[in-house]
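Notes for the structure review
Letter by letter, the chains look like this.
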Amino acid sequence: MRVAVLMGGRSSEREISLRTGRGIAEALRNLGHDVVAIDAADGRRLPPGDEERQALAAALDPSDEVALARPETLRDAEVVLIALHGSSGENGTLQALLDLAGKPYSGSGMLASALAMNKAVSKRIFEQAGIPTPAWQLVSADAPATAVDASALGGYPLVVKPNEEGSSVGLTVVRGEGELPGALRLAAEFGAETLVERYIEGRELTVALLGDRPLPIVEIRPRSGLYDYESKYTVGHSEYSCPADLPEPLAGRIRELGRAAASVLGCSGVSRVDFRLDQAEIAYCLEVNTVPGMTPTSLVPMAARAAGISYDQVVQHMIDLALADARRRRIQQPSKT
């Protein structure tokens, strides 16, 4: 098939998006597909086999209007694989544009993408569905530290992060009241709203899904103690176990929670659900990622390998799920009379 890969863009996760896009493009070529790699920052078509280097070397003027992709670069594509992380790539904007263009695309649809990207909204839905999530408070980016009711959240430590960012960008674990103003200022650099939530002492787990099929659970042990941007994307900064060392009844319960969290938001395609497991073996859902990373250190390929699924096969699943979702959307559209 002729497949367009949208990557790069201008979000804070641009570099990771380029790594994801490069891996996907290589897999597509291995599978025999005709690939068009596009830097969504300006719609440029990137040279085959050299997408990441070419895009990183590009001098992009941030004052320019963002062009998700020039129409002509997508016109002949039979399916679009989204490798964009953060902002317009994950929040439903791009998905809405592709719906209007009638192009099948990977991942969740417009509404599910928007719900998952907004952490506060998704947590409200988790609570309504009975899915455990850490106690939380949403404050405006200009709110003073006194606006945070730490006692209502269970006291310190707290996690402070932008309400609509990924890859732990702008995230701080606040151990005491004196650290709170600086954490709020950092999070405010990345959006108009800041999420403050209870820090769950325990284990870091994630459940990847291919459609509604949960893959083996991955446990992450960051050497720094915090699974931040560097721990996620720098080789050797974290240790991983997959499948995670959990008794099967507990593992099965967490996998089902992962499936339920993605389902209640309406997610489809390949997704990933992040958890913290406390000492009482309660798994708290942190968020759902609708465009999970596909870099060499990413968690979805790791979980897939544990299930006997190669990286290239995951990418083929992305295409198959995208086409199935497009068919379903067409069937659900009301007929015109």
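Residues numbered from 1 in each chain as written. Predicted model: local features only at pLDDT ≥ 70, side-chain atom pairs only at ≥ 80, totals over all residues. Heavy atoms only, no water.

**Observations regarding the overall build of the protein**
Quick note on the threshold: A run of H or I in DSSP counts as a helix once it spans at least four residues, and a run of E counts as a strand once it spans at least two, with each numbered from the N terminus. Classification of residues uses two cut-offs on accessible area relative to the type maximum, computed with a 1.4 Å probe and protein chains only: under 20% is buried, over 50% is exposed, and between them is partly exposed. By definition in these notes, contact holds between two residues if any of their heavy atoms fall within 4.5 Å.
For the protein, the count of helices and strands is 12 helices and 14 strands. The buried share among the 337 residues of the protein stands at 53%. The contacts in the protein between residues at least 6 apart in sequence include a share of 67% that link residues at least 24 apart.

**Focus on helix H7 (residues 119-129)**
Our working rule: Taking the helix axis as origin, the arc is that swept by the directions to the C-beta atoms.
Residues Lys 119, Ala 120, Ser 122, Lys 123 and Phe 126 constitute the buried set of H7. Around the axis of H7, the buried residues are gathered within 160° of arc, so they sit on the same side. In this structure, the buried residues of H7 make contact with helix H6 (110-117), strand E5 (136-140), strand E6 (158-162), strand E8 (193-198), helix H10 (248-265) and strand E14 (283-289). Positioned one or two residues after H7, Gly 130 has a phi angle of 80°, which is positive.

**Some points on the nonpolar core**
Which entries qualify depends on this criterion: Put simply, buried Ala, Val, Leu, Ile, Met, Phe, Trp, Tyr and Cys residues joined by side-chain atoms within 4.5 Å make one nonpolar core.
Core analysis: the largest hydrophobic core is formed by 33 residues, its most contacted members being Ile 24, Leu 28, Leu 81 and Val 315. Put simply, the parts of the chain that give this core at least two residues each are strand E1 (2-7), helix H1 (14-30), strand E2 (34-39), strand E4 (79-82), strand E9 (203-210), strand E11 (218-222), helix H11 (299-306) and helix H12 (311-332). Per element, the largest residue contribution to this core is 6 residues, and it comes from H12. Membership of the second largest hydrophobic core comes to 25 residues, among which are Ala 112, Phe 126, Phe 275 and Cys 285.

**Structural notes on the sheet that holds E5**
Applicable threshold: For two strands to pair, DSSP has to find at least two bridges joining them. For every element, the axis is a line fit to its C-alpha atoms; helices are fit only across the contacting stretch, and the angle between N-to-C directions ranges from 0 to 180 degrees.
In space, the 4 strands of this open sheet follow the order E5-E8-E6-E7, with antiparallel pairing throughout. Sheet topology places E5 and strand E7 (172-174) at the edges, where each strand pairs with a single neighbour. Averaged over all adjacent pairs, the angle separating strand axes in this sheet is 25°, with direction ignored. As defined by bridge partners, E5 adjoins E8 across 5 bridges and the pair is classed as antiparallel. Note on E8: the bridge partner recorded for Trp 136 is Glu 197. Docked against the sheet, H7 engages E5, E6 and E8, running at close to 155° with respect to E5. Of the strands in this sheet, E5, E6, E7 and E8 touch helix H8 (residues 180-188), which is tilted by about 25° from E6.

**Quick notes on the packing of H6 against H7**
Using the following cut-off: When describing relative orientation, an angle under 35 degrees is termed roughly parallel and one over 145 degrees roughly antiparallel, while 65 to 115 degrees is termed roughly perpendicular and anything else oblique. The residue classification treats Ala, Val, Leu, Ile, Met, Phe, Trp, Tyr, Cys and Pro as nonpolar and Asp, Glu, Lys and Arg as charged. All others, Gly included, are polar.
With their axes 5 Å apart at the nearest point, H6 and H7 run at an angle of 100° to one another. Considering their axes alone, H6 and H7 lie roughly perpendicular with respect to each other. Along the contact surface, H6 presents Leu 115, Ala 116 and Met 117, while H7 presents Lys 119, Val 121, Ser 122 and Ile 125. For the contact of H6 with H7, the class distribution of residues is 5 nonpolar, 1 polar and 1 charged.

**Some words on the packing of H7 against H10**
This is how the line gets drawn: Note on convention: near helix rotated counterclockwise from far helix by under a right angle means a left-handed crossing. Clockwise means right-handed.
For the pair H7 and H10, the least separation of the axes is 10 Å and the interaxial angle reads 115°. Handedness of the H7/H10 crossing: right-handed. Packed against H7, whose contacting residues are Ser 122, Ile 125, Phe 126 and Ala 129, the element H10 presents Ala 261, Val 264 and Leu 265 at the interface. Grouping the amino acids of the contact of H7 with H10 by side-chain chemistry returns 6 nonpolar, 1 polar and no charged.

**Some thoughts on H1**
Keep this limit in mind: Expected span of a helix: the number of residues minus one, times 1.5 Å.
Its 17 residues give H1 an end-to-end C-alpha distance of 24 Å, which sits within 8% of 24 Å, the value for a rise of 1.5 Å per residue. Once H1 finishes, Gly 32 follows within two positions and takes phi at roughly 90°, a positive value.

**Some words on the pairing of E9**
Taking burial as the measure, the 8 residues of E9 include 7 buried ones, the bulk of the element. As judged from the 8 bridges shared by E9 and strand E13 (residues 270-277), these two strands associate in the antiparallel manner. Paired with Leu 209 across the bridge in E13 is Ser 271. Summarising the sheet, E9 and E11 pair through 3 bridges and their orientation is antiparallel. Each residue of the ladder has a partner; that of Glu 204, found in E11, is Ile 220. With 2 bridges joining them, E9 and strand E10 (residues 213-214) adopt antiparallel strand pairing.

**Some thoughts on the pairing of E8**
Relative to E8, E6 runs antiparallel, the two being bridged by 5 bridges. In the sheet register, Pro 162 faces E8, and the bridge partner there is Thr 194.

**Overview of the environment of Ala 303**
Among the secondary structure elements, Ala 303 is positioned in helix H11. With residues up to four places along the chain from it excluded, the contact list for Ala 303 reads Ala 208, Leu 215, Pro 216, Val 218 and Cys 242.

**Here's the deal with the confidence of the model for the protein**
We apply this condition: The predictor rates its confidence in each residue with pLDDT, a number between 0 and 100.
On average, residues of the protein carry a pLDDT of 88, and 86% of them reach 70 or more. Predicted confidence for residues 55-69 stays below pLDDT 50, and this span has 34 contacts to residues more than four positions away or in other chains.

**Comments concerning the environment of Asp 149**
We apply this condition: Pairs of N or O atoms are called polar contacts if they sit within 3.5 Å, as long as, within protein, a hydrogen donor faces a hydrogen acceptor (for residues adjacent in sequence, only side-chain-to-side-chain pairs).
With respect to the element layout, Asp 149 can be found in the loop between E5 and E6. Within polar-contact distance, the side chain of Asp 149 engages the side chain of Ser 151 at 2.7 Å.

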